Amino acid sequence: MLLPRAGGAAGRALPPLAALSQVLRLERSRRTAIVFPLQKLERYLAPGTDTARFRLFQPGMAALQRAEALFRSDRGNPIDYVSSAVRMDHAPPLALPEVRRALPLRPSAGARLSYGAEGWWSSCAALSERCAVCFIGRSNVGKSSLIRALFSLAPEVEVRVSKTPEEAEGALVFRQMKELYNLSRCALKPFEKNQTQRSTKGHTKKINFFKVGKYFTLVDMPGYGYRAPQDFVEMVEAYLQERRNLKRTFLLVDGVVGLQKTDHIAIEMLEEFGIPYVMVLTKIDRASRGVLLKNVLEIQEFVKESTQGCFPQLFLVSSVEFSGIHLLRCFVAHITGNLPTVEAS
Ligand code: GDP
C-alpha cells in the first residue's frame, strides 16, 4: 500500500543533500563530511589511534550512485509501506476459535498461518519473505527520522507516525486481517465492537514493513526503552527468531548520549541469537565534536572487545544534514546482495 504524504508527492522539492548529485556540488571537504562522517573525525584523533575500522566499507562514488537508484521510487521500483503488525496481546480475537469458525479463512499465497502467538508472528514474517534488514533502537533515538531520510528520494512513501496508539491499533489490526484474508470490512463487522473495546486501553508498539521494489524489505521495529524490556522482548525477540531472510540488523544508538543500559540489553540479545548487526550513531549534528569522538571511540572499543556479531565499522548519521545517509544506503544495498561489487573510493 502506498501512503501519499499530505499535499502529494508531485513537484515536491527534495530536502537539501538528500540526493548524491546535490552532495557532489559541495566543495571537497564538506562533501567528505557528508558522505563519510567518520572519516571526517579522523583528523581530530591523537596520532597513532587505530582507524583501520573507520574505512572497512568505503565505496566510491559510482557504487554510491548505483545504491541510490534502489532508493528512488518509480514504476520499475515501487517503494511501498506494506504493512504493520502489533503485539500479540493487542490483537483482536483473530487468534480465537470463534474467528476460526466464523471466517472463511483463505490465507493469501505465501502467508503461513496459524492461530497462536506463533501464527501471528509467522504471518508477519511471511510479509517479509524476501531479504530484509531491520532497524531497532531506543524510543526517540531518531529511527523514524533515519528511515524517512533513507526514503527521502521516494517522497510519496510516508514513514507513518500514528496520531494515537489506539487509532493505530484499530486500523492496523483490521488492515492486517484484510490483507491476510482478503476480506471486505463488512465481513469483519461482528468483531469490530470487541476490537473497539480492546483498543481503548494499553499502548501500541508496532513493526512496520517497507518494500523496496524487488530488492529487499526494510523492517522498522518498535522503539524500546518505554516499558522495556518487556515490550522489547515480546515483539523484537519474536520477530528476530522468525528471521528467515534477515540480512542485517541496524542497532541505532544516540550520538549525543552514547550506549545506554537498554542498548546493552539489545546487544546481548543480538549476540545471544547470533544475529549479525551494525551500530549506527544517530543525531551526530547535535553532538559536539568532543562528545562524538568520545562516543565513537568508546563504542568502537566495546565492539572490538565485547562483541562477536557486530560489524566493526560504526556508521554515523544525521537525518537533518543527511550526513552518513548515502553511505548507509550503499551498505544496505550491498548487504542485501543488490550491489555485489563495491569498488573502494
Ligand atoms: P524515534 O522515536 O526513534 O523514531 O525518533 P524520531 O525519529 O521521532 O526522533 C526523535 C527526535 O529526535 C525528534 O525530535 C527528531 O526531530 C530528532 N532527531 C531525529 N534524528 C535527528 C538528527 O539526525 N538530528 C537532529 N538534530 N535531530 C534528530
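As the structure is a computational prediction, the values presented were derived from the model and not from experiment.

Novice: Quick question: what am I supposed to make of the packing of helix α7 (residues 143-150) against helix α13 (residues 325-335) here?
Specialist: A pair of packed helices is captured by two measures, namely the crossing angle of their axes and the spacing between those axes. In the contact formed by α7 and α13, the axes pass within 10 Å of each other and the chain directions differ by 80°. Taken together, the axis directions place α7 and α13 in an arrangement best described as roughly perpendicular. The residues of α13 that touch α7, namely those facing Leu146, Ala149 and Leu150, are Ile325, Leu328 and Arg329. Looking at the contact of α7 with α13 residue by residue, the classes come out as 5 nonpolar, no polar and 1 charged.

Novice: What exactly am I supposed to notice about the pairing of strand β4 (residues 216-220) here?
Specialist: On a regular strand, each side chain points to the face opposite its neighbour's, so the side chains alternate between the two faces of the sheet. Among the 5 residues that make up β4, 5 are buried, leaving the element largely enclosed by the rest of the structure. Judged by which residues are buried, β4 turns out to be covered on both faces: Phe216, Leu218 and Asp220 on one side and Thr217 and Val219 on the other are all buried. The pairing of strand β2 (residues 132-137) with β4 spans 4 bridges and is classified as parallel. When the bridges of β4 are listed, Ala132 appears paired with Thr217. Where strand β3 (residues 206-212) and β4 come together, 5 bridges link them in antiparallel fashion. By the bridge assignment for β4, Phe209 is matched with Val219. In this structure, the hairpin formed by β3 and β4 is closed by a connection of 3 residues, where Gly213 is found at a positive phi of approximately 45°.

Novice: Help me understand the site of the ligand in this model?
Specialist: Surveying the vicinity of the ligand reveals 14 residues, the closest of which are Asn140, Ser144, Ser145, Asp285 and Ser319. Contact between the ligand and Lys143: an oxygen atom at 2.8 Å from a main-chain N or O atom of the residue. One of the backbone N or O atoms of Ser319 is found 2.8 Å from an oxygen atom in the ligand. Compared with its free state, where it exposes 580 Å², the ligand has 72% of that area covered by protein. Grouping the constituent residues of the shell around the ligand by class yields 2 nonpolar, 7 polar and 5 charged.

Novice: Honestly, the nonpolar core in this entry has me stumped. Any pointers?
Specialist: Most often, soluble globular proteins have nonpolar side chains that are buried together. Of all hydrophobic cores here, the largest spans 49 residues; its most connected members are Phe135, Leu146, Phe216, Leu218, Phe250 and Leu328. No other element matches the 8 residues that α13 contributes to this core. Contact partners of Leu146, with chain neighbours within four places excluded, come to Phe135, Leu252, Val280, Val317, Ser319, Ile325 and Leu328.

Novice: Just checking my understanding: could you explain helix α4 (residues 61-70) for this structure?
Specialist: Every α-helix carries 3.6 residues per turn, so stepping three or four residues along brings you back to the same face. Looking only at α4, the buried set comprises Ala63, Leu64, Ala67, Glu68 and Leu70. Buried residues along α4 cover an arc of 140° about the axis, so they all sit on one side.

Novice: Teacher, can you tell me more about the side chain of Thr307 here?
Specialist: Relative to the assigned elements, Thr307 resides in the loop between α12 (289-306) and β7 (315-316). What makes Thr307 buried here is its relative accessible area of 11%. Here the side chain of Thr307 touches Val303 through a polar contact of 2.6 Å, landing on its backbone oxygen.

Novice: What am I meant to see in the packing of α4 against α13 here?
Specialist: Following both chains from N to C, one finds α4 and α13 inclined at 75°, their axes separated by 8 Å at the closest point. Classified by the interaxial angle, the pair formed by α4 and α13 is roughly perpendicular. Side by side, α4 and α13 meet where Ala63, Leu64, Ala67, Glu68 and Leu70 of the first sit next to His326, Leu327, Arg329, Cys330 and Ala333 of the second. By residue class, the composition of the contact of α4 with α13 is 7 nonpolar, 1 polar and 2 charged.

Novice: What should I look at first to understand the confidence of the model for the chain in this one?
Specialist: Interpretation of this model should avoid reading the predicted coordinates in detail wherever pLDDT is low. For the chain, per-residue confidence averages 76 on the pLDDT scale, and residues scoring 70 or more make up 67% of the total. Per-residue pLDDT stays below 50 along residues 87-128; that stretch engages in 96 contacts with residues further than four places along the chain or on separate chains.

Novice: I'm lost on the packing of aromatic side chains in this one. Help?
Specialist: A ring pair, where both rings are aromatic, is described by two values, the distance of the centres and the angle of the planes. In this structure the tally under the stated criterion is 11 aromatic pairs. Aromatic side chains Phe311 and Phe331 sit 5.1 Å apart centroid to centroid with 40° between the ring planes, which places their arrangement in the tilted category. You can see Phe311 sitting in the loop between α12 and β7 and its partner Phe331 sitting in helix α13, a full 20 residues away along the chain. Among the aromatic residues, those joined into a cluster by ring pairs are Phe57, Phe135, Phe250, Phe311, Phe315 and Phe331. Taking NZ or CZ as reference, Arg289 lies 3.8 Å from the ring centre of Tyr44, over its face.

About the thresholds
- Residues numbered from 1 in each chain as written.
- Predicted model: local features only at pLDDT ≥ 70, side-chain atom pairs only at ≥ 80, totals over all residues.
- Heavy atoms only, no water.
- Axes fitted to C-alpha atoms, helices over the stretch in contact; angles between N-to-C directions.
- Helix = DSSP H or I, 4+ residues; strand = E, 2+ residues; numbered from the N terminus.
- Parallel < 35°, antiparallel > 145°, perpendicular 65-115°, else oblique.
- Contact = heavy atoms within 4.5 Å.
- Nonpolar A, V, L, I, M, F, W, Y, C, P; charged D, E, K, R; others polar.
- Buried < 20%, exposed > 50% of the residue type's maximum accessible area, 1.4 Å probe, protein only.
- Pairing = 2+ DSSP bridges.
- Near = heavy atom within 4 Å.
- Polar contact = N/O pair within 3.5 Å; in protein donor to acceptor, adjacent residues only side chain to side chain.
- Areas by Shrake-Rupley, 256 points an atom, 1.4 Å probe, with all protein chains shown as cover.
- Core = buried A, V, L, I, M, F, W, Y, C linked by side-chain atoms within 4.5 Å.
- Arc of directions from axis to C-beta.
- pLDDT = per-residue confidence, 0-100.
- Phe/Tyr/Trp six-rings, centres within 6.5 Å; stacked < 30°, edge-to-face > 60°.
- Lys NZ or Arg CZ within 6 Å of the ring centre and 35° of its normal.

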